[in-house]
Amino acid sequence: MTTFASTSSRTASFRHPARAALALAIAGTLAAFAASADDGTPQQARGDEADTLDTIVVTGTKTDDAFGAKSGIPLSKMPQSVQVVDAEAIRTQGARSIGDVLRNVPSANPGQSRVARYQSFSICVRGFLADQMRNGMRQRYYEDIDASAMSNVERIEVLKGPSSVLYGQSAVGGILSIITKRPEDEFGGSVDVQLGSDDARVAGFDLTGALDADKRFAVRLTGEIERSGTFVDQQDIDRNNIALAARWRASDTVTVHWLSEYIERETLGYPGLPVIGTVVGNGRGGVRRDVFLGEPSLRPLTADSPLIQLWADIRLSERWTLTPRYQYQGFRTDFSQIRLRGMQADGVTLNRNGRYGTEDDDYRIGQIDLSGRFDTGRVGHQLLVGVEGSREHSTFLQYNLTNVGPINVLAPVYTYPATAPNAVFAFDSVGRADGVAIYAQDLIALTSSWDLIVGLRHSRFDYVSTFNGTRDRTTSSATTWQLASNLRLSERWSLFGGVNTGFDTESTFGARAADGRAFDPERSRQVEAGVRFNGERHRFSAALFDVRRIDALTADPQDPDFSVQDGEQRVRGIELEGTLRLADGWTLDWGVAHLDGEVTRSNDGDQGAELGNTPRLTGLLRTRYVLGETPWSFDAGVYATGERRLVNGSDVRLAGYGLVDLGVQYARGDWALGLTLNNALDKHYYTASGNVFGVLPGDPRHVMLRVTRSF
């Protein structure tokens, strides 16, 4: 039996200066008849002209950059649904987390409030979890890192559905491609201060410029510090984010890019609220949304993560470029967690348990991509081939608390510190995963208006783990592919669609069947077909899709203590979204999605059940109006989601809700003021917690004032 002292430390400085120093130092072919549009000119010879016919207007910005800073495919030619939200839209919306940003995406479920332990674990697109890429490279621990760390975000590209050919292991719902801010040649910058509800206090800065007369070497330094309260009693959030980016034009043919970031967060481990007394009545009175049902005297949840990215663009010729990439990412957390369990018969006494522990992980990935253009007769090719190697080393130590008492949810009395916390050793896990992959993608210009995209990837993983002294070794592999097409019907209209596949090892690494056989990675597949309109003033897209999670683990019908790889879930739906330019200075973004989620195969008693936490209907309206030549602009938005089941097949349903956001901006000269009011009607709503015992309250009304000085 181990006894540990309860602590409640709060610090305004970096806890791991060495890591901070390290971080800073260093989308089937749709219409074959389109062949008649060929004018006989080799596509590659007119490639630049074709690329300028379609520009894509996206939320808050107008761009046709290549998706993900890696694919080489312009957003207007992506054969999958994509939406982009840029930094300006994030700022004027008053978004305080990645979840808030996803309220711009109709098929997205923004998930839990940022007071949750790990908000990113609840973020879904088209009914399934989404993963994050940063500048084209996978972020292994993004679920655990602070989702409100956005001070270095230039834009967020949301690619819907699996797509592993270029990006490797990824969640079923899609990819949140984060593009970070890049250095600029001219010196400039800004500082800002934000003050708001619940004693919110945030300060940030952004500095950039070239360091030499020839402007070959430029840097950008961004950062943000937060010391805020929250709407939850006794819960504060302390954050420190800093990033240094550099660009070196070593020669006319070589450009080197560097990014180092450090993210740090400290807060109490928020357990949420019980289902009974919130979304299910208890006959005794409702549970306040601001009540804290954990143990405030236990040590806080601390998490920090350094990130280093280094890549170079080496132009071998007019048509070919070599791009080596390297990434180091670390994650460290010390945590204590109180978990809510069943409610007692009186409807107010809630059972709880708990744990504490540490996790220390490192992830390294290296890639070499060769991309270029060539013609085979009249057919043009834009080819990307690459190899990737990765290594992850992780350690996890856990103790279980043995004396966490139940708590009255209407009048909480905490167990600690009146009683000393006692804990017993649970497990000590050490693991190493080595991965290697080879991949290729070809954007084939069959005609001047018809593109075919073909992709293939093979990945292999060797996993060695030691669990409480017992060593195990497994090997798995996955082959994924893409076949998709984009057909330009005119300068404004285009069709897109295809099949994309993916894989994920999160639930299968180290797991074995009853016969000792290691499991293969889970697989996923999306079939999608859609239409786009890109006009000078308006933009519109519509898509039909079927997304499936395949080979998921489910109970072994012969031995329920083990699993078999026979589970399947699917979401079918339709998604529409677009932008209207109603007048000069007045834009309207809108979207609606209908999702039909079902557990199609399972041995867990939920086959045929409705997929949990997947609303059938979501929608949004957002408008921005710039008042003529004045310094004033106004923003308003509504995000609504329908009811959904708490978990797969649950009898408990979470009510739908609608959130209204308002904002006003004033900018003159070097000064700017912004006032945002989120959840203006103070709507009470709840989000899923991932289990049958609890829910999490959504953020109440929140006011924030931002003052910015640019130079």
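Preceding this section is the structure that the text describes.
A quick note: this is a predicted structure, and the numbers were derived from the prediction, not measured.

Quick notes on the rules
Residues numbered from 1 in each chain as written. Predicted model: local features only at pLDDT ≥ 70, side-chain atom pairs only at ≥ 80, totals over all residues. Heavy atoms only, no water. Helix = DSSP H or I, 4+ residues; strand = E, 2+ residues; numbered from the N terminus. Buried < 20%, exposed > 50% of the residue type's maximum accessible area, 1.4 Å probe, protein only. Areas by Shrake-Rupley, 256 points an atom, 1.4 Å probe, with all protein chains shown as cover. Phe/Tyr/Trp six-rings, centres within 6.5 Å; stacked < 30°, edge-to-face > 60°. Pairing = 2+ DSSP bridges. 1 Å grid on protein atoms, 1.4 Å probe; cavity = no way out; pocket = protein on both sides within 12 Å on 5 of 7 lines; lining within 4 Å. Points joined across faces, edges and corners; volume = space filled by probe spheres on them. Nonpolar A, V, L, I, M, F, W, Y, C, P; charged D, E, K, R; others polar. Core = buried A, V, L, I, M, F, W, Y, C linked by side-chain atoms within 4.5 Å. Contact = heavy atoms within 4.5 Å.

**Regarding the overall build of the protein chain**
Part 1 of the reasoning: Scanning the protein chain from N- to C-terminus turns up five helices and 38 strands.
Part 2 of the reasoning: Referenced to the eigenvectors of the C-alpha coordinate spread, the extents of the protein chain come out at roughly 80 × 65 × 50 Å.
Part 3 of the reasoning: Residue burial in the protein chain is summarised as follows: out of 711 residues, 56% are buried.
Part 4 of the reasoning: When the accessible surface of the protein chain is totalled, it reaches about 27700 Å², and 56% of it is carbon and sulfur.

**Section: the packing of aromatic side chains**
Part 1 of the reasoning: Scanning the entire structure with this criterion turns up 18 aromatic pairs.
Part 2 of the reasoning: Plain terms: the ring middles of Phe-427 and Phe-467 are 5.3 Å apart, the flat faces sit at 25° to each other, and that makes the pair stacked. Note that Phe-427 is positioned in strand S22 (residues 422-445) and Phe-467 in strand S23 (residues 450-467), a separation of 40 residues in sequence.
Part 3 of the reasoning: For Phe-467, a relative accessible area of 43% translates into the label partly exposed.
Part 4 of the reasoning: Residues Phe-540 and Trp-590 carry aromatic rings whose centres are separated by 6.1 Å and whose planes lie at 20° to one another, so their mutual orientation is stacked.

**Focus: the sheet that holds strand S37 (residues 694-697)**
Part 1 of the reasoning: Across the sheet, which stays open at both edges, the three strands sit in the order S16-S37-S36 with antiparallel pairing between neighbours. The open sheet is flanked by strand S16 (273-274) and strand S36 (686-688), the only strands paired with a single partner.
Part 2 of the reasoning: Relative to S37, S36 runs antiparallel, the two sharing three bridges. Counted as the bridge partner of Ala-688 is Val-695 from S37.

**Looking at empty space enclosed by the protein**
Part 1 of the reasoning: Roughly 210 Å³ of internal volume is contained in the largest cavity.
Part 2 of the reasoning: In terms of lining residues, the largest cavity is bounded by 18 residues, among which Gln-132, Arg-134, Tyr-142, Ile-145 and Ile-263 are the most central.
Part 3 of the reasoning: When contributions to the lining of the largest cavity are tallied by element, the ones reaching two or more residues are strand S7 (128-134), strand S15 (254-267) and strand S17 (301-315).
Part 4 of the reasoning: Within this model, the second largest cavity holds a volume of roughly 150 Å³.
Part 5 of the reasoning: Lining the second largest cavity are 15 residues; nearest its centre among them are Asp-100, Arg-103, Asp-661, Asn-678 and Asn-679.
Part 6 of the reasoning: Across the lining of the second largest cavity, the residue classes tally to four nonpolar, five polar and six charged.

**Digging into the nonpolar core**
Part 1 of the reasoning: Of all hydrophobic cores here, the largest spans 25 residues; its most connected members are Tyr-270, Leu-273, Leu-293, Leu-350, Val-409, Leu-646 and Val-695.
Part 2 of the reasoning: When contributions to this core are tallied by element, the ones reaching two or more residues are strand S18 (320-343), S36 and S37.
Part 3 of the reasoning: Aside from chain neighbours lying at most four places away, what touches Leu-293 is Pro-271, Gly-272, Leu-273, Pro-274, Ile-338, Leu-340, Leu-350, Arg-352, Ile-407, Val-409 and Pro-412.
Part 4 of the reasoning: Residues Val-105, Val-125, Ala-130 and Val-158 belong to the second largest nonpolar core, which totals 19 residues.

**Some remarks on the layout of surface pockets**
Any empty space left between the atoms is revealed when a probe the size of a water molecule rolls over them.
Part 1 of the reasoning: What the second largest pocket holds in volume is close to 930 Å³.
Part 2 of the reasoning: Listing elements by their share of the lining of the second largest pocket, those giving two or more residues are helix H3 (87-93), strand S9 (153-160), strand S11 (188-196), strand S12 (200-210), strand S13 (217-229), strand S34 (657-668), strand S35 (671-678) and strand S38 (702-710).
Part 3 of the reasoning: Classifying every residue of the lining of the second largest pocket by side-chain character gives 13 nonpolar, 18 polar and 15 charged.

**A short note on the pairing of strand S20 (residues 379-401)**
Part 1 of the reasoning: Here 23 bridges tie strand S19 (residues 349-376) to S20, and the two strands are oriented antiparallel to one another. In the sheet register, Asp-362 faces S20, and the bridge partner there is His-393.
Part 2 of the reasoning: Counting the residues that bridge the hairpin from S19 to S20 gives two residues, and of these Gly-377 lies at a positive phi of roughly 65°.
Part 3 of the reasoning: Where S20 meets S22, 22 bridges bridge the pair, whose relative direction is antiparallel.

No statement about biological role is implied by the geometric values presented.
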